[in-house]
Amino acid sequence: MTLNYTYRIYPDSSQVLLLDEWLETCRVSYNYALRELKDWIASRKCPIDRCSLESEYIMPADYPFPGYHQQQNNLPKAKEAFPRLVAVPSQVLQTNIRRLHDAWDFFRHRGYGFPRFKKYGQMKSILFPQFRTNPLTGWQLSLPKLGKVQINLHRPIPEGFVIKQIRVVKKAMGWFATISIQSDIEIPKPSPYGHCIGIDVGLSSYLATSDSFIEPGHKFFLATYRRLKVLQKRLSKKKKRSANYEKARIKVEKQHNHIAFTRKDYQYKLAHKVCDMADSIFLEDIDFRLMAKGFLGKHTVDAAFGQFRSILKYVGWQRGKFVGEVDHKGTSQTCPNCRTSVRKELEDRWHSCPECQYECDRDIASAQEICNRGIEKTYRGTPEKQEIDSQIVVLSGVMSLDKWRRGVITNSDIGSASALPF
Ligand SMILES: [Zn+2]
């Protein structure tokens, strides 16, 4: 069981200088390792006897592939040639190389996202992967070669957890430490129980549940985005590398951080709200990274659904709620009531089934279908299935959030589906 806690740290001015220097060294060595990788790939693309005017063959044929272990083993040699490497803790350098190879492995498996060179200032974090003793003493964090750094331990490390890794992150507003803590205690995952809901996330409404609760879109961020635009415009007018450019750049970065913090705060509150509504929550298993590549790309990235999913899982875990995923294919194209497929274009906001005349909001309909699938997945093959299925059909669309919270509506109050007004 691993958790990440983020704390603000306050390195003094000499420590800031040192950390900045390490980040820069890491950036340079990252780029060096990437250059080697790129050269090797370019070399293997062309026949061995070709002239270098048209193709390149800069690395000998027996030069081994610069994999992680190869490049990591070269670090001690590199330290002799480049003394600045010695200043950085060696494990930090190793995990830095590891990071490049993680990016490279990702590219090989997915077929996109080739690792890029990092520009000056783009390396923003370093990872300390191992601690023999507890680095946290009172209000200080001791890091190798850096010494004791002040930390704002606004919440204590829970009982029974040990510190595994620490990532030091530089942000415009200051320095942060993300502490990975681990415990041997496995807390059993709750299994589906009680009241089940499905959740559909989208762009027109941020979230819709099968109980007809709709969280409106995130227009909330519009003001902060307008401010970001103004700041970016100001930045573009400044002369590059001037002092004023740097000041404007920091303002832009601060605004980006601000947006990210606000969004996360909003998502935590929303996750708690959802957990108030149900005992078991089902979501779609969409890969939001693929969605972000589509034509709605920028908006999906902004909404950060993937982050919301993991926050919801975490909050659910804390509160003993079940959070599960179901197959996402065609959830918006299926009638939750009779399960026939109903074609809808992206702009059709209303679900209206020609088979059973079931009507409701499009997002709520997909949330109900997700809920159906979740329940089927849970009770597959058991006799309960039939009953549960009909329960969902009866409840869906009628229950309002407040009524459910007060537990006013029961199954028998509502009666059968045919008695409903629609
Ligand atoms: Zn239908």
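From a predicted model like this one, the values you see are computed outputs, not experimental measurements.

(A) Region of the structure containing the sheet that holds strand 10 (residues 214-216). One open sheet accounts for five strands, arranged 10-9-8-11-12; its pairing is mixed. Each edge of the open sheet carries a strand with a single partner, namely strand 10 and strand 12 (322-326). Each strand axis lies, on average, 20° off the axis of its neighbour in the sheet, ignoring direction. Here three bridges tie strand 8 (residues 196-201) to strand 9 (residues 205-209), and the two strands are oriented antiparallel to one another. Of the residues in strand 9, the one forming a bridge with D200 is A208.

(B) Summary view of the pairing of strand 11 (residues 280-284). With five of its five residues buried, strand 11 lies for the most part within the structure. Where burial is concerned, the two faces of strand 11 agree: the one with S280, F282 and E284 and the one with I281 and L283 are both buried. As paired strands, strand 8 and strand 11 are joined by three bridges and run parallel to one another. Within strand 11, the residue paired with C196 across the bridge is S280.

(C) Structural view of helix 3 (residues 90-110). A rise of 1.5 Å per residue sets the reference length of helix 3, with its 21 residues, at 30 Å; its end C-alpha atoms lie 30 Å apart and thus fit the reference within 8%. Every buried residue of helix 3 is listed here: V92, L93, T95, N96, I97, L100 and W104. Along its buried surface, helix 3 packs onto helix 1 (13-43), helix 2 (68-81) and strand 2 (125-128). After helix 3 finishes, the residue G111 shows a positive phi value of roughly 85°.

(D) Local environment of the sheet that holds strand 2. Strand order in the open sheet formed by seven strands is 2-6-7-1-5-4-3, and the pairing between neighbours is antiparallel. The sheet terminates laterally at strand 2 and strand 3 (136-137), the two strands that pair on one side only.

(E) Structural detail: the nonpolar core. Among the nonpolar cores identified, the biggest contains 31 residues, and I199, I281, F282, L312, I370 and C371 are the most heavily contacted of them. Those elements giving two or more residues to this core turn out to be strand 8, strand 9, helix 5 (243-277), strand 11, helix 8 (305-318), strand 12 and helix 9 (362-378). The biggest single contributor to this core is helix 9, with six residues. Residue contacts for L312: discarding those within four places in its chain leaves A271, V274, I281 and V323. Ranked by size, the runner-up nonpolar core spans 25 residues in total, among them A33, L141, L143 and I166.

(F) Representation of the environment of E284. With respect to the secondary-structure elements, E284 resides in strand 11. By C-beta crowding, E284 is classed as buried, having 23 other C-beta atoms within 10 Å. Between the C-alpha atom of E284 and that of K329, which follows or precedes it by 45 residues, the distance is 8.7 Å. Filtering out sequence-adjacent residues up to four positions away, E284 remains in contact with E325, V326, H328, T331 and I370.

(G) View of the packing of helix 2 against helix 3. Between helix 2 and helix 3, the shortest axis-to-axis distance is 10 Å and the interhelical angle comes to 155°. When the interaxial angle is binned, helix 2 and helix 3 end up roughly antiparallel. You can see that helix 2 and helix 3 cross each other, and the crossing is right-handed. On helix 3, the residues that touch Y68, Q71, Q72 and L75 of helix 2 are S90, L93, Q94, I97, R98 and H101. For the contact of helix 2 with helix 3, the class distribution of residues is four nonpolar, five polar and one charged.

(H) Main features of the pairing of strand 5 (residues 147-152). Two elements, strand 1 (residues 2-10) and strand 5, share three bridges in a ladder whose sense is antiparallel. Opposite R8, over in strand 5, you have N152 as the bridge partner. Turn length for the strand 4 (residues 140-143)-strand 5 hairpin, with the two strands adjacent in sequence and antiparallel, is three residues, and the turn residue K145 shows positive phi of about 65°.

About the thresholds
- Counting restarts for each chain: residues are numbered from 1 in the order of the written sequence.
- Where totals are concerned, whole chains, interfaces and linings use all residues; where local detail is concerned, this predicted model gives features only for residues with pLDDT of at least 70, and gives and counts side-chain atom pairs only at 80 or more.
- For two strands to be treated as a pair, DSSP must find no fewer than two bridges joining them.
- For helices the rule is a DSSP run of H or I covering at least 4 residues; for strands it is a run of E covering at least 2, with both sets numbered from the N terminus onward.
- Angles run from 0 to 180 degrees between N-to-C directions of axes, and those axes are lines fitted to C-alpha atoms, restricted for helices to the stretch in contact.
- Remark: C-beta atoms are placed from the backbone, and a residue is labelled buried if 20 or more other C-beta atoms sit within 10 Å of its own, exposed if 12 or fewer do, or partly exposed between those counts.
- The span you would expect from a helix comes to 1.5 Å times its residue count less one.
- By the convention adopted here, residues make contact when the C-beta atoms placed from their backbones lie within 7 Å.
- As used throughout, a nonpolar core is a set of buried Ala, Val, Leu, Ile, Met, Phe, Trp, Tyr and Cys residues joined through C-beta atoms within 7 Å of each other.
- Throughout, the term roughly parallel applies to angles under 35 degrees, roughly antiparallel to angles over 145, roughly perpendicular to angles from 65 to 115, and oblique to all others.
- In this scheme, a crossing is called left-handed if the near helix is turned counterclockwise away from the far one by less than a right angle; it is called right-handed if the turn is clockwise.
- Residue polarity is assigned by list, with Asp, Glu, Lys and Arg as charged and Ala, Val, Leu, Ile, Met, Phe, Trp, Tyr, Cys and Pro as nonpolar; anything else, Gly included, falls into the polar class.

Remember, this is a structural readout, not a statement about activity or role.
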